[in-house]
Amino acid sequence: MLKPGSLLDLKWYQSPAGMEIISSLQREDMSHKTFGLLEHPSLPSIVTAEEVQYKIMLVGKNGVGKTATATNLTGYSPMENYYETPGIQVWQTYWPARIRQLNKVVLFNLRFWESGATATRKFDHILPSLKENVDCILFVFSLLDKSSFDELPQMISRLTEPNDNVCKIAIGTKFDQFDQSEITQSDIQIFEQQYDIPVFKLQNLSDGAGQGAESTPRCDTIRTLVCEQLWAKDLKSVNRTVTTKTSQEIVF
Ligand SMILES: Nc1nc2c(ncn2[C@@H]2O[C@H](COP(=O)(O)OP(=O)(O)O)[C@@H](O)[C@H]2O)c(=O)[nH]1
Ligand SMILES: [Mg+2]
């Protein structure tokens with residue numbers, strides 16, 4: 001399993017250069033600017049960051065926090081009231097990161113796709129639309145709902161194939177209430193080893209009690225870790241098909 005921080009500099013976004021790019025992606029109140037699918041951020045003129053785009057699909061039981069994870073990672077305000085996502089929803093964000101090996105900054109354009117389970121069951125086109133050209137599957141479970149964690153293996157076998165070159169990450173939500181979780185750290189480690197899928201714990205509500213601010217990874221860190229897994233997936237595919245144009249662009 002990839003050691004966190006081995007490909008991307010996890011702290012770079014806090015450097016002066018990182019903060020300059022990020023401030024051009026944020027509003028004055030530090031919330032993320034939101035960009036429509038056809039919009040593009042204008043970066044400071046001194047910055048030349050190459051852009052890479054990824055489609056990320058969120059799956060998991062209803063109510064585990066897929067929408068909250070997508071809005072949290074893209075800087076949208078959380079939903080005030082819970083309702084099941086009625087069809088497909090897409091959120092996008094831009095996030096810069098420094099690639100250690102290339103000493104180069106890349107702007108990650110992350111597009112998160114999610115749908116509610118009822119809509120997915122009712123309309124046959126939804127699952128194929130989510131899966132089409134997907135780069136990454138986020139298997140979302142709630143740290144407060146053991147059954148949502150226990151369902152992951154079945155979901156993995158339904159949605160993935162060996163050597164499919166799709167990046168796979170599990171996200172455990174409700175980290176703010178981890179002290180009430182029936183899922184232990186050892187359960188998580190066994191899962192990571194068995195499926196070779198990293199598990200990131202995420203707190204989507206900032207006012208939650210439980211885990212102290214010190215021990216809770218910032219959403220910015222989780223976003224960077226997701227970018228790192230996507231970069232690792234691209235490196236793997238470059239090793240497989242070194243002749244494609246995209247692969248060459250990624251290496252240099
Ligand atoms: N305390 C806490 N609540 C969360 C967290 N993530 C999501 N929720 C809540 O869980 C409920 C379901 O979240 P939602 O994202 O709509 O679930 P979805 O059906 O999987 O899309 C909502 O009331 C969210 O506010 C979290 O990290 N902590
Ligand atoms: Mg939802």
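Residues numbered from 1 in each chain as written. Chains lettered and ligands numbered in written order. Predicted model: local features only at pLDDT ≥ 70, side-chain atom pairs only at ≥ 80, totals over all residues.

(A) Region of the structure containing the overall build of the protein chain. The helix and strand inventory of the protein chain stands at 9 helices and 6 strands. Of all 252 residues assigned to the protein chain, the portion counted as buried reaches 32%. Contacts spanning at least 24 positions in sequence make up 72% of the contacts within the protein chain whose residues lie at least 6 apart. (Helix = DSSP H or I, 4+ residues; strand = E, 2+ residues; numbered from the N terminus. Buried ≥ 20, exposed ≤ 12 C-beta atoms within 10 Å, placed from the backbone. Contact = placed C-beta atoms within 7 Å.)

(B) Inspection of the site of ligand 1 at higher detail. As a matter of local geometry, ligand 1 sits amid 20 residues, with Gly65, Lys66, Thr67, Ala68 and Asn204 nearest to it. With 3 residues, the single largest contributor to the shell around ligand 1 is helix α2 (residues 66–74). (Near = placed C-beta within 6 Å.)

(C) Quick look at the sheet that holds strand β2 (residues 88–99). As summarised here, the arrangement of the 6 strands in space is β2-β3-β1-β4-β5-β6, forming an open sheet in which the pairing is mixed. Each having just a single partner strand, β2 and β6 (199–201) make up the two edges of the open sheet. Neighbour to neighbour, the strand axes of the sheet diverge by 30 degrees on average, direction disregarded. Examined bridge by bridge, strand β4 (residues 136–142) and strand β5 (residues 167–173) share 7 bridges and lie parallel to one another. (Pairing = 2+ DSSP bridges. Axes fitted to C-alpha atoms, helices over the stretch in contact; angles between N-to-C directions.)

(D) How the structure looks around the environment of Gly172. Along the polypeptide, Gly172 turns up in strand β5. Remark: the alpha-carbon pair of Gly172 and Leu202, spanning 30 residues in sequence, is separated by 6.0 Å. Not counting the four nearest positions on each side in its chain, Gly172 is found in contact with Phe141, Leu143, Val199, Lys201 and Leu202.

(E) Up close: unusual backbone geometry. Residues other than glycine seldom take positive phi values, yet Asn163 does so here, at roughly 60 degrees. With respect to the helices and strands, Asn163 occurs in the loop between α6 (152–159) and β5. Its identity is not glycine, yet Asp196 carries a phi of approximately 55 degrees, on the positive side. Turning to its location among the elements, Asp196 is positioned in the loop between α7 (185–195) and β6.

(F) Inspection of α7 at higher detail. Among the 11 residues that make up α7, 1 are buried, leaving the element largely open to the surroundings. The first or second residue beyond α7 is Asp196, which carries a positive phi of 55 degrees.

(G) Representation of the nonpolar core in the model. Counting residues in each nonpolar core, the largest one holds 45 residues, and the members touching the most others are Phe108, Phe112, Phe139, Val140 and Cys227. Elements represented by at least two residues in this core include exactly β1 (50–59), α2, β2, β3 (104–115), β4, β5, β6 and α8 (219–240). A per-element tally of this core places α8 first, with 6 residues. Non-local contacts of Phe108, meaning those with residues more than four positions away in its chain, are made with Val52, Tyr54, Tyr94, Trp95, Ala97 and Cys227. (Core = buried A, V, L, I, M, F, W, Y, C linked by C-beta atoms within 7 Å.)

(H) Looking closely at the confidence of the model for the protein chain. Looking at the protein chain as a whole, the pLDDT averages 86, with 89% of positions reaching at least 70. The low-confidence segment residues 208–214, where pLDDT is below 50, has 13 contacts with residues more than four positions distant or belonging to other chains. Long-range and interchain partners of residues 243–252, a stretch whose pLDDT sits below 50, account for 7 contacts in this model, where long-range means more than four residues apart. (pLDDT = per-residue confidence, 0-100.)

(I) A look at the pairing of β2. Here β2 pairs with β3 via 12 bridges, running antiparallel. Within β3, the residue paired with Trp91 across the bridge is Phe112. The loop that links β2 with its antiparallel partner β3 comprises 4 residues; one of these, Asn103, has a positive phi angle of about 45 degrees.

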